[in-house]
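Below, each chain spelled out in residue letters.
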Amino acid sequence: MSFCTVFSSLRRCGPLAALWLLGMAWSAQAGLQVDALRMEPQIGASLARQAATLTAREVTLVEMPPWQAGKAEPREAAGADQIGVGRPLASLQTPGLTRNLLVWHRLPNGGRAAALQWAPDGAFGLRLGLVLTALPEAAVFRMYASVQAAASYEVTGAALLERLPPDPATGSRTWWTPDLGPTPVLEILLPATVADEQLALAVPWVSQMVVPPTPLPQAESAKRLSNGCQQDVNCQATLLDQRDAVIRMVYVNGTNTFQCTGTLVNNLKQDQTPYVLTAAHCARDQAMASTLQTMWFYYSQSCNSENPSTSYTERYGGARWLATSFANDMTLLQLNDAPPPGALFAGWDASAVPLGTAAAGLHHPHGDLLMITKGRIQELASCYIDYTAARPPLSCAPQAVSDGGFYRVAVDSGGIEGGSSGSALFVDGRVVGTLTGGDNWCPAKGVVFGRLDQAVVGSFSPWLGTFAALDSSMAAPVYRFHIPRSGADFYTISAEERDAVIAGLPDALHYTGIAFYASAQQRPRMLAVYRYFNPEVVAHFYTTSEAERQFVRQYHPSWQEDGIAWWVPEQGGDGAVPVYRSYQYSTGAHHYALDPAARDAWLGNPDLLYDGLAYYVWAAP
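Residues numbered from 1 in each chain as written. Predicted model: local features only at pLDDT ≥ 70, side-chain atom pairs only at ≥ 80, totals over all residues. Heavy atoms only, no water.

Some points on the state of the cysteines
Inference 1: Counted under the stated rule, the structure contains three disulfides.
Inference 2: With its sulfur 2.0 Å from that of its partner, cysteine 235 forms a disulfide with cysteine 303. Torsion about the S-S bond of the cysteine 235 and cysteine 303 cystine: about 100°, corresponding to right-handed handedness. Placement of the pair is cysteine 235 in the loop between strand S14 (231–232) and strand S15 (246–253) and cysteine 303 in the loop between strand S18 (293–296) and strand S19 (313–315), with a sequence separation of 68 residues.
Inference 3: With a relative accessible area of 40%, cysteine 303 lands in the partly exposed category.
Inference 4: What pairs with cysteine 383 in a disulfide is cysteine 396, and their sulfur atoms sit 2.1 Å apart. (Disulfide = S-S within 2.5 Å. Helix = DSSP H or I, 4+ residues; strand = E, 2+ residues; numbered from the N terminus. Buried < 20%, exposed > 50% of the residue type's maximum accessible area, 1.4 Å probe, protein only.)

Focus: the pairing of strand S35 (residues 526–534)
Inference 1: Of all nine residues in S35, eight are buried, a share of seventy percent or more.
Inference 2: Bridge count between S35 and strand S37 (residues 560–569): eight bridges; the pairing is antiparallel. Note on S37: the bridge partner recorded for tyrosine 532 is glutamate 561.
Inference 3: The turn joining S35 and strand S36 (residues 539–543), which pair antiparallel and follow one another in sequence, is formed by four residues; a positive phi near 60° is taken by valine 538. (Pairing = 2+ DSSP bridges.)

Focus on the pattern of salt bridges
Inference 1: Evaluated as defined, the whole model comprises 20 salt bridges.
Inference 2: A salt bridge links aspartate 244 to arginine 38, with the nearest nitrogen and oxygen atoms 2.7 Å apart. Residue aspartate 244 is found in the loop between S14 and S15, and its partner arginine 38 is found in strand S2 (residues 37–38); the two are separated by 206 residues along the sequence.
Inference 3: Residue classification places arginine 38 among the partly exposed residues on the basis of a relative accessible area of 34%.
Inference 4: Where arginine 549 meets glutamate 546, a salt bridge forms, and the shortest distance between an N and an O atom there is 2.8 Å. Of this pair, arginine 549 and glutamate 546 both sit in helix H8 (residues 546–555), separated by three residues, roughly a single helical turn.
Inference 5: Classification of glutamate 546 by relative accessible area gives partly exposed; the value is 39%.
Inference 6: Through salt bridges with shared partners, a single ionic network connects Glu162, Arg320, Arg498 and Asp499. (Salt bridge = Lys/Arg side-chain N within 4 Å of Asp/Glu carboxyl O.)

Overview of the sheet that holds S35
Inference 1: What the three strands build is an open sheet, ordered S36-S35-S37; its pairing is antiparallel. Across the chains shown, the open sheet's two edge strands, defined by having one partner strand only, are S36 and S37. The average undirected angle you get between the axes of adjacent strands in this sheet is 25°. (Axes fitted to C-alpha atoms, helices over the stretch in contact; angles between N-to-C directions.)

So, the nonpolar core
Inference 1: Ranked by internal contacts, the top residues of the largest apolar core, which has 57 residues, are Tyr491, Phe516, Tyr542, Trp566 and Tyr615.
Inference 2: For tyrosine 542, the residues in contact, after removing those within four places along its chain, are Asp489, Phe490, Tyr491, Val529, Tyr530, Arg531, Trp566, Arg581, Tyr592 and Tyr615.
Inference 3: Among the nonpolar cores identified, the runner-up in size contains 53 residues, and Val265, Ala319, Leu332 and Ala424 belong to it. (Core = buried A, V, L, I, M, F, W, Y, C linked by side-chain atoms within 4.5 Å. Contact = heavy atoms within 4.5 Å.)

Some remarks on the packing of aromatic side chains
Inference 1: Using the criterion set out here, one finds 19 aromatic pairs in the structure.
Inference 2: Their ring planes at 65° and their centres at 5.7 Å tell us that phenylalanine 141 and tryptophan 175 sit as a pair that is edge-to-face. Of this pair, phenylalanine 141 sits in strand S9 (residues 140–144) while tryptophan 175 sits in strand S11 (residues 173–176); the two residues are 34 residues apart in sequence, bridging distant segments of the chain.
Inference 3: With centroids separated by 5.8 Å and ring planes inclined at 70°, the aromatic side chains of phenylalanine 516 and tryptophan 566 adopt a geometry described as edge-to-face. (Phe/Tyr/Trp six-rings, centres within 6.5 Å; stacked < 30°, edge-to-face > 60°.)

As for the confidence of the model for the protein
Inference 1: Of the residues in the protein, 86% reach a pLDDT of 70 or more, and the chain-wide mean stands at 85.
Inference 2: Element-level mean pLDDT values for the protein span from 28 in helix H2 (residues 8–13) up to 98 in strand S29 (residues 424–427).
Inference 3: Low pLDDT (under 50) marks residues 1–30, which in the prediction has 94 contacts with non-local residues, meaning those over four places away or in another chain.
Inference 4: Here residues 467–473 is modelled with pLDDT under 50, and outside its nearest four sequence neighbours on either side it reaches 21 contacts, counting other chains as well. (pLDDT = per-residue confidence, 0-100.)

Put into structure tokens, the structure is as follows:
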């Protein structure tokens, strides 16, 4: 069976990696409006493997010192609601100390597995801060809520190397694991081809949750309304579709954990790329974005119900930071995981909103179920946030400013609280801004939202708007696996398929890294590369030639077509280089190479038939 068939649902979703785009002038698109788009079902898009159970035969308990709760009261930071505090972990401060705690168990396939568990006293949840100084791409990490639980999250070393920014001084990468509860288990699996010393990690810090988790057990109240003016979104008739675009965001800044609100937004191409708008003081760099954990459909089952919607779900894969408009306190992210089925890509409006216009915000105050705040845009404001401060304060000029970067909204009903930051302001069902802050009186006297029209012009147009001629700037990595059985290589542009193969077929395919770059989407002046699989040979075949495809269908039906693998430029130039192809008589497999030296070596090998130029790709993005 074809690998494409095994992972067909993943491949249809396509890779979610950010495509770095060329900027363009926005003047022709002033006032552009984009409609909302409902998420289509994408079965298998998540990396979670709910059926996986603990592989290691023994779990090592990590000792933690007694909890001094009085030193760790959470505080708000410029509207971001702190829910967790950092705790140093002396027993795992260095890779050497961590290596001494890892007890490896041999698996039937020749690989090894080791597991660690944390159980701090007084914790509502825990995130582990793994510092990875040496990380094999073929490693697999699994997170469990407890020893008895099924795996809630699984990620490969390859995915972490792509997602996590390296420290400029040390080159190490820090991964903050998702919060699955107060007694998490981390399991590490290494294939037989990876030596123990190829993995070096420490856990010098954990971030301990010091407020109750959400959703709470049904016997407890899920709503913690410190502001009696908060209004359940389900107690009125507006913006009910837009509920499904709003997400509760939990992230780590330094070693402390905070929560804000974000909104999934559509783009002009309507290609379901998961862009999220939030406040810059909630996420303003890749280090913060990579820690993102998102909660979806977190609203009540009915008006003033204390139980979350039955559709409630979470995603743990973090995000890519794309751009920040500091003048509007606004950030655009791209999620690494696909949104859950049923999520809404909210529409937005890139025109300035007239004063006096009715507007409403959807937000998660203190991480509560989704609430709504209504009011009218009163004036344009000039506000300033000192992002260099440990707890950045918000300062707004008291008077109106004609070209201010913020809308000041006079609130008629509802209010805001810590955790509401980053939430969208809607006018006629479209996003026009994101919440920076304001007072939380009952009702609020006034709040300020960063202006989306300015942020789009200055920062976000390459992703949310139309695009210039893209060429190699649209390059996405194509990953390569070696198949020992046939000696052939397998290629995929899908990060989801890559991770599924690493985790599910560690013996049959060995991951070797990025082979080259291509386009994940059809573009002008590009050719489709079709992928075939032959189960008899256990090898894949890739071609752009329609004549060759017809020949294979007529004379070699054992080669099963998997569909379009990726797109490549029609010709060389702009960094595009040739891919050479050869055919091996003894195995029936094809081989591919960018190196002319490999091509020359094929010419002297009687077992290989040199096929010539296959197509062009980018050797670098």
